[in-house]
Amino acid sequence: MSEIFSREWIVSHRTEMWLLILVAYLLQRNVNSGHMPTKAVDPEAFMNISEIIRHQGYPYEEYEVATEDGYILSLNRIPQGLVQLKKTGSRPVVLLQHGLLGDASNWISNLPNNSLGFILADAGYDVWLGNSRGNTWSRKHKTLTTDQDEFWAFSYDEMARFDLPAVINFILQKTSQEKIYYVGYSQGTTMGFIAFSAMPELAQKIKMYFALAPIATIKYAKSPGAKLLLLPHMMIKGLFGRKEFLHQNRILRQLLIYLCGQVIIDQICSNIMLLMGGFNSNNINMSRMNVYVGHTLAGTSVQNILHWSQAVNSGELRAFDWGSETKNLEKSNQFMVVTRRSLLGLKKEEEEEEEEEEWEWQ
Ligand SMILES: *[C@@H]1O[C@H](CO)[C@@H](O)[C@H](O)[C@H]1NC(C)=O
Ligand SMILES: *[C@@H]1O[C@H](CO)[C@@H](O)[C@H](O)[C@H]1NC(C)=O
Ligand SMILES: *[C@@H]1O[C@H](CO)[C@@H](O)[C@H](O)[C@H]1NC(C)=O
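Just so it is clear, the structure is predicted and the values come from calculations on it, not from any experiment.

Visitor: Provide a residue-level description of helix H13 (residues 302–314), including the pertinent values.
Guide: Every α-helix carries 3.6 residues per turn, so stepping three or four residues along brings you back to the same face. Compared with the 18 Å implied by 1.5 Å per residue over 13 residues, the 18 Å span of H13 between its first and last C-alpha is a close match. Most of H13 is tucked away, with 12 of its 13 residues classed as buried. Inspection of H13 places Val302, Gln303, Asn304, Ile305, Leu306, His307, Trp308, Ser309, Gln310, Ala311, Val312 and Ser314 among the buried residues, and these make up the whole buried set. In the stretch just after H13, Gly315 is the one whose phi turns positive, near 75°.

In structure tokens:
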């Protein structure tokens with residue numbers, strides 16, 4: 001019995017324990033509120049990105065892109081829309097990059113008339129959907145496996161420095177175009193700010209950069225999700241380990257889809273999602289909750305969460321602090337450290353003012 005509660009056991013069964021707590025909590029609610037009808041599950045909840053695109057009737061393509069540091073990323077494409085356009089010639093190319101804990105499905109999980117990915121395809125764009133390293137679809141590496149700590153030693157620094165150039169160059173080569181449009185959401189904008197300012201030659205390849213819910217600082221973020229980032233780093237590591245943060249394995253996904261399909265529990269699920277992204281329940285189609293939970297919380301590294309935590313504490317946009325000057329220098333390899341001030345051109349006085357701004361955290 002004592003072995004069950006040993007430190008090693010707890011560490012190695014961390015995910016299961018979280019799962020157990022969740023199930024116990026939900027079951028208890030279930031009992032308290034009598035029986036609960038289950039809503040129908042949309043088939044998209046169980047599909048991968050290509051399958052969702054196909055399910056909505058659009059053409060799809062899927063590629064694997066290797067980064068300079070060996071990660072193999074999954075890249076999706078909607079080469080054209082369903083609306084027939086009179087214009088001929090090559091289509092403008094757009095890359096959509098998701099936010100923290102997201103994946104390419106974030107651009108296509110509503111109906112086609114309400115999903116940016118499909119809307120752009122129908123407007124004549126050649127649409128590409130990125131997947132950051134470590135999420136559900138980008139878990140491969142030339143030499144490392146996801147069981148190794150080294151695989152998870154990355155944060156949005158590496159997504160900016162390696163993922164973005166690899167993906168953008170791949171798209172340019174495939175489409176024989178010189179420039180593309182870039183649309184980032186949340187962490188996808190942070191990647192853009194870092195990459196395009198630190199690598200001007202990469203910025204040259206962007207026709208226009210659209211930053212949705214842009215994040216350069218999260219110092220003033222008020223959402224409960226951001227509060228989690230204020231926990232001491234020892235505690236974050238203790239709770240989540242050193243490798244992955246909130247990845248859904250198959251079993252957990254099916255359980256969530258099932259649970260979030262229950263009337264009443266779907267309210268809890270929507271609240272958890274809103275907790276992370278900011279509250280505006282009008283923007284959520286409750287009937288599609290199962291599709292959202294089937295894909296969102298697509299996972300990232302604990303180190304990425306620690307980097308965001310450093311960002312909350314410092315209030316600045318800067319490179320991940322590896323904990324020692326030597327390691328920092330070795331890792332950054334003169335890769336430019338962009339500070340929030342240089343990026344936003346803020347004056348010192350402005351910065352010192354305690355503004356009550358609402359920063360979304362995602
Ligand atoms: C997605 O599903 C399609 C069709 O079932 C399959 O060909 C493809 O390999 C899958 N992609 C991923 C990344 O799992
Ligand atoms: C999209 O289509 C659905 C079903 O036809 C409709 O209920 C919804 O209002 C439409 N949304 C938009 C933004 O047009
Ligand atoms: C919400 O999702 C349901 C189920 O997929 C769909 O039938 C409905 O049209 C959607 N509503 C809107 C406004 O898009």
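Visitor: Go over the site of ligand 1, please, and point to the residues and values.
Guide: Looking at ligand 1, the residues that line it are Asn48, Glu51 and Glu62. Contacts to ligand 1 include Glu51, whose side-chain N or O atom sits 2.7 Å from an oxygen atom. The contact in question runs from a nitrogen atom of ligand 1 to an N or O atom on the side chain of Glu62, over 2.8 Å. Protein burial of ligand 1: of its 360 Å² of free accessible surface, 50% is covered by the chains.

Visitor: Could you give me a rundown of the site of ligand 3, with the residues and numbers involved?
Guide: Around ligand 3, the neighbouring residues are Asp42, Leu111, Asn285, Ser287 and Arg288. Interatomic distance of 2.4 Å between a side-chain N/O atom of Asn285 and an oxygen atom of ligand 3. Arg288 has a polar side-chain atom sitting 2.7 Å from an oxygen atom of ligand 3. In terms of residue class, the shell around ligand 3 is made up of 1 nonpolar, 2 polar and 2 charged.

Visitor: Account for the packing of aromatic side chains, naming residues and giving values.
Guide: Inspection of every chain in the model, using the stated rule, returns 17 aromatic pairs. Each ring, one from Tyr58 and one from Phe118, has its centre 4.4 Å from the other, and the planes form 35°; the classification is tilted. Remark: Phe118 occurs in helix H4 (residues 116–122) and Tyr58 occurs in the loop between helix H3 (49–55) and strand E1 (61–66); sequence separation between them is 60 residues. What makes Tyr58 buried here is its relative accessible area of 4%.

Visitor: Kindly report on the packing of helix H9 (residues 233–240) against H13, identifying the contributing residues and their values.
Guide: Look at H9 against H13: their axes get within 11 Å of each other, and the N-to-C directions meet at 155°. The angle between H9 and H13 places the two elements in the roughly antiparallel class. Both H9 and H13 take part in a crossing whose hand is right-handed. Contacts from His233, Ile236, Lys237 and Phe240 in H9 reach Val302, Ile305, Leu306, Ser309, Gln310 and Asn313 in H13.

Visitor: Hey, could you go over the packing of helix H5 (residues 156–175) against helix H6 (residues 187–198) for me, with residue numbers and the actual values?
Guide: Describing two packed helices takes the angle between their axes plus the distance from one axis to the other. In the contact formed by H5 and H6, the axes pass within 9 Å of each other and the chain directions differ by 80°. Between H5 and H6, the interaxial angle falls into the category roughly perpendicular. Of the residues in H6, those touching H5 at Tyr156, Asp157, Met159, Ala160, Leu164 and Ile168 are Gln187, Thr190, Met191, Gly192, Ile194, Ala195 and Phe196. Taken together, the residues of the contact of H5 with H6 sort by class into 9 nonpolar, 3 polar and 1 charged.

Cut-offs and rules
Residues numbered from 1 in each chain as written. Chains lettered and ligands numbered in written order. Predicted model: local features only at pLDDT ≥ 70, side-chain atom pairs only at ≥ 80, totals over all residues. Heavy atoms only, no water. Helix = DSSP H or I, 4+ residues; strand = E, 2+ residues; numbered from the N terminus. Expected span 1.5 Å × (residues − 1). Buried < 20%, exposed > 50% of the residue type's maximum accessible area, 1.4 Å probe, protein only. Near = heavy atom within 4 Å. Polar contact = N/O pair within 3.5 Å; in protein donor to acceptor, adjacent residues only side chain to side chain. Areas by Shrake-Rupley, 256 points an atom, 1.4 Å probe, with all protein chains shown as cover. Nonpolar A, V, L, I, M, F, W, Y, C, P; charged D, E, K, R; others polar. Phe/Tyr/Trp six-rings, centres within 6.5 Å; stacked < 30°, edge-to-face > 60°. Axes fitted to C-alpha atoms, helices over the stretch in contact; angles between N-to-C directions. Parallel < 35°, antiparallel > 145°, perpendicular 65-115°, else oblique. Left-handed = near helix turned anticlockwise from the far one by under 90°. Contact = heavy atoms within 4.5 Å.

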